[in-house]
Amino acid sequence: MLSPDRPFPLFLQKIESLGRISTKWVNSLGFGTSLLYQSVFWICWGSRRKQQVRLEAIVSQMMEVGILALPIVSLVSITIGLMLAIQGIDALKDFGAEHQVTYGVALSVVREFAPLITGILIAGRSGSAFAARLSTMMINNEIDALRVMGINPVRFLVVPSLVAMMIMVPLLTLWADIVALLGAGLYITTALGISMGTYIGQTIAYLGTADALHGLGKSFVFGILITLVGVINGSSVTGGAEGVGHVTTRAVVHSILALILADLLIVFLLTR
Amino acid sequence: MTMPLSELEPIIEVIDLTTHYGSRKILNGISLTVHKGEVMVIMGGSGSGKSTLLRHLIGLEHPSSGNIKLLGQDIRNMTEHDMTQLYRKVGVAFQSGALFSSMTVGENIMLPLREHTKLDQKTMEIMARLKLEVVNLAGFEDLMPSELSGGMLKRAAFARAVIMDPVLLFCDEPSAGLDPVVSSSLDELILRLKDALDMTIVVVTHELESAFRIADRITVLDKGDILTIGTVDDVRASDNRRIQDLLNRHFEEEILDPDAYLARLTGESEALFSQV
Ligand SMILES: Nc1ncnc2c1ncn2[C@@H]1O[C@H](COP(=O)(O)OP(=O)(O)OP(=O)(O)O)[C@@H](O)[C@H]1O
Ligand SMILES: [Mg+2]
């Protein structure tokens, strides 16, 4: 018989810990959904509750998330563009199809590489920063202080970051598209001996609006995921400064995981 | 206070409050009432549950059992929106200060005004400066919280708590770690707020002098139980041993023989050094 003071058999302990882990994930999922719902609520009805979402806060987050990320996003994008062009021409040469490289590069950049790489960069840069800020505020009682001032922490802290991410991650992705395609162009034009004008013309001709929207739509979802994962991890902090370090790392790992899984799911649903 | 109890308006009513952290019982069936316009001091040794009681009173944590009524409303049945409305009438100065580290001291103090009123920037700045002057921090508006000392943080937090002239003010250890002059000026401020604005004030403190100076009534907590609730004179005259211990500053386990203690310390450190 099982009694509280006798230890569980090992296999039951395993099942129990498995159960605990899955409960945690389901809880996080529920929390994420509720955060999203609350955010929409504050955006739409905040002013009626006399709790407006402040434009200044959104703008300053947009600067932080978007503008300050431009250099790193540009650098990584141009590198990826060059790399894809080099690999593409090398692979297609065997089939004598190197002139198709423009098509291949354009599609893979716009549909996959630009959104995913931008997402991962922003997760590392801003998702972690957000989790760190939130968890520090938790352990310093700053979140409690907000509450007792009658300021809803979701409205005050989460919504500006969420909105900034929803706007800036797609914009950064668009920028990454352009930079990566130009980077690829640098190599392709010299390797194939075509002019930049011809390359750009071909790229535009190949790419449909659907491809661009596919990439940008995904990056919009990524922006939401990065914010929510940051909040969920940041607000689960326990312990002091060590806890902050812990949840910050976890926020990055979890959000990259979330991005890749969401990407797979979206591609699976839309592209099959 | 000479009014009969029945004529006093209760602002906080706590009925049989019990709370646990994990399986540890922290508060053990506490009941207490705070009336309008009085200063209630909560005293007790470190770890006796003072901050925990305060966190429950302001609705930041929910009890395992028991009832809390704040300004006549049962906080268990209140929606988030009702709580927000209620909080506009409440000021809280946390034990750690809890200033927002990303804002300057001035912005911190103006935040409640900015969020809840339509005052223009100039007026808010003047109001913030007035409150800062009151806590001897005039001229520190533009510093970041990380640039203040511990005592200054506490005073800034106090200024932020009273910026909206709340009906009900909670202070967790407002004068701990402050020098005697500032500490007594803070006490005076608390008394002035009570008299001028008829504010109801709950203060958690270790400092006996401060407690006796400001309290209308004192609640003495010990390991999650209330030892007594009474006026300063009641508490002073109490023949409860624990209370007398507290009054005689025997808050913690005391060092009975300083020489032996020192010898032990130095002996240990010598032993440590000899190992190296
Ligand atoms: N978040 C928490 N999780 C678990 N236990 C806690 C937590 N906060 C406080 N406690 C425990 O509750 C008890 C009461 O703590 P509390 O902070 O209320 O004491 P206090 O009277 O305010 O002490 P001090 O005068 O040192 O501030 C302590 O034993 C503490 O260990
Ligand atoms: Mg305390």
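Residues numbered from 1 in each chain as written. Chains lettered and ligands numbered in written order. Predicted model: local features only at pLDDT ≥ 70, side-chain atom pairs only at ≥ 80, totals over all residues. Heavy atoms only, no water.

Another aspect to go through is the environment of B:Q121. Residues and elements named next belong to chain B. You can see Q121 is positioned in helix α4 (residues 121-134). Along the chain, Q121 and M110 lie 11 residues apart, while their C-alpha atoms are 9.1 Å from each other. Engagement of the side chain of Q121 in a polar contact is seen with the side chain of R114, the distance being 3.3 Å. (Helix = DSSP H or I, 4+ residues; strand = E, 2+ residues; numbered from the N terminus. Polar contact = N/O pair within 3.5 Å; in protein donor to acceptor, adjacent residues only side chain to side chain.)

On to the nonpolar core, then. Counting residues in hydrophobic clusters, the biggest one holds 60 residues, and the most contacted among them are B:I12, B:L53, B:F100, B:L111 and B:F170. It is helix α6 (residues 153-192) of chain A that provides the largest number of residues to this core, a total of 8 residues. Core analysis: the next-biggest nonpolar cluster, separate from the first, contains 46 residues, B:M110, B:A128, B:M152 and B:I201 among them. (Core = buried A, V, L, I, M, F, W, Y, C linked by side-chain atoms within 4.5 Å. Buried < 20%, exposed > 50% of the residue type's maximum accessible area, 1.4 Å probe, protein only.)

What follows covers the side chain of A:K218. Residues and elements named next belong to chain A. Mapped onto the elements of the fold, K218 is located in helix α8 (residues 209-234). Side chain to side chain, K218 and E112 meet in a polar contact 2.9 Å long. The contacts of K218, once residues within four sequence positions are left out, are R111, E112, P115, D263, I266 and V267. (Contact = heavy atoms within 4.5 Å.)

Another point: the pairing of strand β10 (residues 225-230) of chain B. Residue and element names in this part refer to chain B. Sheet analysis places strand β9 (residues 217-222) next to β10, joined by 5 bridges and oriented antiparallel. Of the residues in β10, the one forming a bridge with I218 is G230. The turn linking β9 back onto β10 is made up of 2 residues, and K223 within it adopts a positive phi angle of 50°. (Pairing = 2+ DSSP bridges.)

Turning to the coordination of the magnesium ion (ligand 2), a few remarks are in order. All names here are of chain B. Here the magnesium ion (ligand 2) is held by S51 (OG) and Q95 (OE1), and the distances to it run 1.9 to 2.3 Å. In this pair, S51 sits in helix α1 (residues 50-57) while Q95 sits in the loop between β6 (90-93) and α3 (105-116), placing the two residues 44 residues apart along the sequence. For S51, a relative accessible area of 25% puts it in the partly exposed group. The partly exposed category is assigned to Q95, whose relative accessible area is 36%. (Donors = N, O, S within 2.8 Å, 3.2 Å for Na, K, Ca; no water.)

For any two helices packed against each other, the geometry comes down to the angle between their axes and how far apart the axes lie. Residue and element names in this part refer to chain A. Taken N-terminus to C-terminus, the directions of helix α1 (residues 10-45) and α6 make an angle of 95°; their axes are 10 Å apart at the nearest point. Judged by the inter-axis angle, α1 sits roughly perpendicular to α6. Only V154, R155, V158, V159, L162 and V163 of α6 make contact with α1, whose side of the interface consists of L35, L36, Q38, S39, W42 and I43. Looking at side-chain class alone, the contact of α1 with α6 contains 9 nonpolar, 2 polar and 1 charged residues. (Axes fitted to C-alpha atoms, helices over the stretch in contact; angles between N-to-C directions. Parallel < 35°, antiparallel > 145°, perpendicular 65-115°, else oblique. Nonpolar A, V, L, I, M, F, W, Y, C, P; charged D, E, K, R; others polar.)

Attention shifts here to the site of ligand 1. Residues and elements named next belong to chain B. If you check the shell around ligand 1, you find 14 residues, and the closest are S46, G47, K50, S51 and T52. The separation between an oxygen atom of ligand 1 and a polar side-chain atom of R24 is 3.0 Å. In the environment of ligand 1, an oxygen atom lies 3.4 Å from a nitrogen or oxygen atom belonging to the side chain of E173. Burial of ligand 1 by the protein amounts to 63% of the accessible area it has alone, namely 640 Å². Among the elements of the structure, β2 (24-35) and α1 are those that each provide at least two residues to the shell around ligand 1. Per-element tally for the shell around ligand 1: the top contributor is α1, with 3 residues. Among the residues making up the shell around ligand 1, the classes are represented as 2 nonpolar, 9 polar and 3 charged. (Near = heavy atom within 4 Å. Areas by Shrake-Rupley, 256 points an atom, 1.4 Å probe, with all protein chains shown as cover.)

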